[in-house]
Amino acid sequence: MKKVGIVGGGVSGLFTAFYLCKAGCEVTVIERGQLDDGCSFGNAGMIVPSHIIPLAQPGMIARGIKWMLSSTSPFYVKPRLDWELVKWGALFWKHSTDAHVKRSIPVLRDISLLSKDLYQELAMQAEIDFGWQEKGLLMLFKSEQAALEMQHEADVANGAGIEAQVLSGKEVQALEPDVEVDVRGAVYYPGDAHIVPNQLMKELVRYLRRQGVKILDNHTVQDLEVRNGKVESVITDSGSYQFDEVVIATGAWAPVLTRKLGMALPMQGGKGYSFTLPRMAKNIKIPAIMLEARATATPMDSSLRFAGTLEVAGTDMSVNMNRVRGIVQSISNYYPGMKVAMPQAEEVWRGLRPCSPDGLPYIGRVDGYTNVVVATGHGMMGVSLGPGTGKLVSELVLGQPASMDCQAFEPRRFG
Ligand SMILES: Cc1cc2nc3c(=O)[nH]c(=O)nc-3n(C[C@H](O)[C@H](O)[C@H](O)COP(=O)(O)OP(=O)(O)OC[C@H]3O[C@@H](n4cnc5c(N)ncnc54)[C@H](O)[C@@H]3O)c2cc1C
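Basis of the calculations
In every chain, residue numbers begin from 1 and rise along the written sequence. Whole-chain, interface and lining totals are the exception, using all residues; otherwise, since this is a predicted model, local features are given only for residues with pLDDT of at least 70 and side-chain atom pairs are given and counted only at 80 or more. Neither water nor hydrogens contribute to the side-chain values; these are computed over all heavy atoms in the structure. Helix and strand assignments follow DSSP, with helices taken as H or I runs no shorter than four residues and strands as E runs no shorter than two, numbered in order from the N terminus. Throughout this description, buried means an accessible area under 20% of the type-specific maximum (1.4 Å probe, protein chains only), exposed means over 50%, and partly exposed covers the range between. Pairs of N or O atoms are called polar contacts if they sit within 3.5 Å, as long as, within protein, a hydrogen donor faces a hydrogen acceptor (for residues adjacent in sequence, only side-chain-to-side-chain pairs). If even one non-hydrogen atom of a residue comes within 4 Å of a molecule or strand, that residue is called near it. In these tables, accessible area is a Shrake-Rupley quantity obtained with a 1.4 Å probe, and a residue counts as shielded only by the protein chains included in the view. Classification convention: Asp, Glu, Lys, Arg as charged; Ala, Val, Leu, Ile, Met, Phe, Trp, Tyr, Cys, Pro as nonpolar; all other residues, Gly among them, as polar. Counted as salt bridges are all cases of a side-chain nitrogen of Lys or Arg within 4 Å of a carboxyl oxygen of Asp or Glu. Paired strands, as defined in this entry, are two strands with at least two bridges between them according to DSSP. In this analysis an axis means a line fitted to C-alpha atoms, helices contributing only their contacting stretch, and an angle means the value between N-to-C directions, from 0 to 180 degrees.

Caption draft 1: Here's a closer look at the side chain of His194. Positionally, His194 belongs in strand β8 (residues 193-194). Judged by relative accessible area, His194 falls into the buried class, the value being 4%. At 3.2 Å, the side chain of His194 forms a polar contact with the backbone oxygen of Pro299.

In structure tokens form, the structure reads like this:
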């Protein structure tokens, strides 16, 4: 059976390990951290087949420019003279079209539904416990403008076979009997779900180790030794390793390794923040996106996690408390009874979403190499698409027919 090395122990890397291990491969995961933090841990945990419209869409750039003028807004591009950022921005702009949205909807839907099916299977098998809940998602809105946009999104979703219901403020309140909700209305996606991401990651690590997967934490991959169109050795700061196949699942940092193979992978880190209120006396029942604020609220057992902000900031990991204040200020607009205090900086989690410029993931082989696969670029949906990604990568590595057409995810699509 094949010996596979997976670089990166985020949700993409671990689900790849999961399906390859199930297929009988000898799997090693190499992770530079300790597998207790990173983008796959403190996120909002939403499993969202409803998200079929990519971030690169008409109107997004104009909205982004408006948001840039406020220090507490949910979107920001850190201005800097950086050729990678300029290239990424130009590609984002090029793809913010109706034609791109139309092309992306069926592929995002298919990978999302594949992933959700796999999550359901996993929850049923009960090999790992990750807090799986199928309660749907509420897209809460307050303004007339947002109501119009959401009606359109609901029509698009229903047209693509994803159920969406437009609800009045009263109907939303009826779904949330324990907490006051002050909104004009919402779109309810009953097919969405949520998990506790920190628990998913911890359980995956535990399960994989028990199944014999080698997980080398505190190992940084520094180089890839290549010969005759193959990666022969993966060089880490603690020795080198040989594999039949290598998977690059290093999130926002993937370009560092693909560059060594001569492949430019347009990518920006989309920094976001979260903080979690433990032991809520009264909690919401259904995860929600507070639309105008672009902030999220996810119930996780008795806790409630708020998340938000997308700062296009390369791989800068600093915490900007003004953006966090923006999230805090939006909460009582939607949930007037919740008086949430500003968290201390050390209570704020931050993560870098690996954002491709067209809003589609990179899943596929690296050109010119017979034994390297890339799995990254999932932006705001990496957890949602984790099992689907792992399954598709395992099929590529094993030379099996793919569960869906992955052409739209080709890493080389930007040339
Ligand atoms: C605030 C916020 C909220 C979010 N909410 C949701 C949500 O509700 N639903 C959803 O689906 N998604 C959500 N996301 C997005 C999701 O978290 C990401 O898309 C996903 O975690 C990316 O997973 P990944 O495995 O590709 O990358 P990562 O989790 O970043 O993993 C990559 C790993 O590679 C390691 N690495 C990098 N370079 C090297 C190297 N040279 N050697 C060894 N290891 C290396 C890194 O340490 C890291 O652990 C959210 C993100 C944020 C920030």
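Caption draft 2: Molecular detail of unusual backbone geometry. Positive phi, normally seen in glycine, also occurs at Ala126, with a value near 55°. Take Ala126: it is sitting in the loop between α4 (98-125) and β5 (137-141). Since its relative accessible area comes to 56%, Ala126 is described here as exposed.

Caption draft 3: Seen up close, the site of the ligand. Around the ligand, the structure places 34 residues, and the nearest of them are Glu31, Ser40, Met46, Gly379 and Ser384. Taking Glu31, its side chain carries an N or O atom lying 2.7 Å from an oxygen atom of the ligand. The contact in question runs from an oxygen atom of the ligand to an N or O atom on the backbone of Gly379, over 2.8 Å. For the ligand, whose accessible area on its own is 1000 Å², the fraction buried by protein is 95%. Every element with two or more residues in the shell around the ligand is listed here: α1 (11-22), β14 (268-277) and β18 (349-355). It is β18 that contributes the most residues to the shell around the ligand, four residues altogether. Looking at the shell around the ligand, its residues break down into 15 nonpolar, 16 polar and three charged.

Caption draft 4: Quick peek at the pattern of salt bridges. Following the criterion strictly, the structure yields 18 salt bridges and no others. A salt bridge links Glu127 to Lys22, with the shortest nitrogen-to-oxygen separation between them at 3.3 Å. Linking Glu127 in the loop between α4 and β5 with Lys22 in helix α1, this pair joins segments that are 105 residues apart in sequence. The partly exposed category is assigned to Glu127, whose relative accessible area is 29%. The exposure class of Lys22 is partly exposed, given its relative accessible area of 42%. Measuring nitrogen to oxygen at the nearest pair gives 3.9 Å for the salt bridge that ties Arg209 to Asp217. Residue Arg209 is classed as partly exposed on the basis of its relative accessible area, which comes to 41%. A relative accessible area of 25% places Asp217 in the partly exposed class.

Caption draft 5: Spotlight on the sheet that holds strand β19 (residues 362-365). If you trace the six strands from one edge of the open sheet to the other, you get β9-β2-β1-β13-β20-β19, paired in mixed fashion. Edge positions in the sheet fall to β9 (214-216) and β19, since each has one partner strand and no second. Averaged over all pairs of adjacent strands, the angle between strand axes in this sheet comes to 15°, irrespective of strand direction. With five bridges connecting them, strand β1 (residues 3-7) and strand β2 (residues 26-30) associate as parallel partners. Its bridge partner lying in β2, Lys3 is registered against Glu26.

Caption draft 6: Focus on the pairing of strand β7 (residues 185-189). Within β7, five of the five residues are buried, which leaves the element mostly enclosed by the surrounding structure. Burial along β7 is two-sided: the face carrying Gly185, Val187 and Tyr189 and the face carrying Ala186 and Tyr188 are both buried. Bridge count for β5 against β7 is five bridges, and the pairing is antiparallel. Within β7, the residue paired with Leu140 across the bridge is Ala186. Inspection of the sheet shows strand β6 (residues 165-168) paired to β7 by four bridges, in the antiparallel sense. Paired with Val166 across the two strands is Val187, which belongs to β7.

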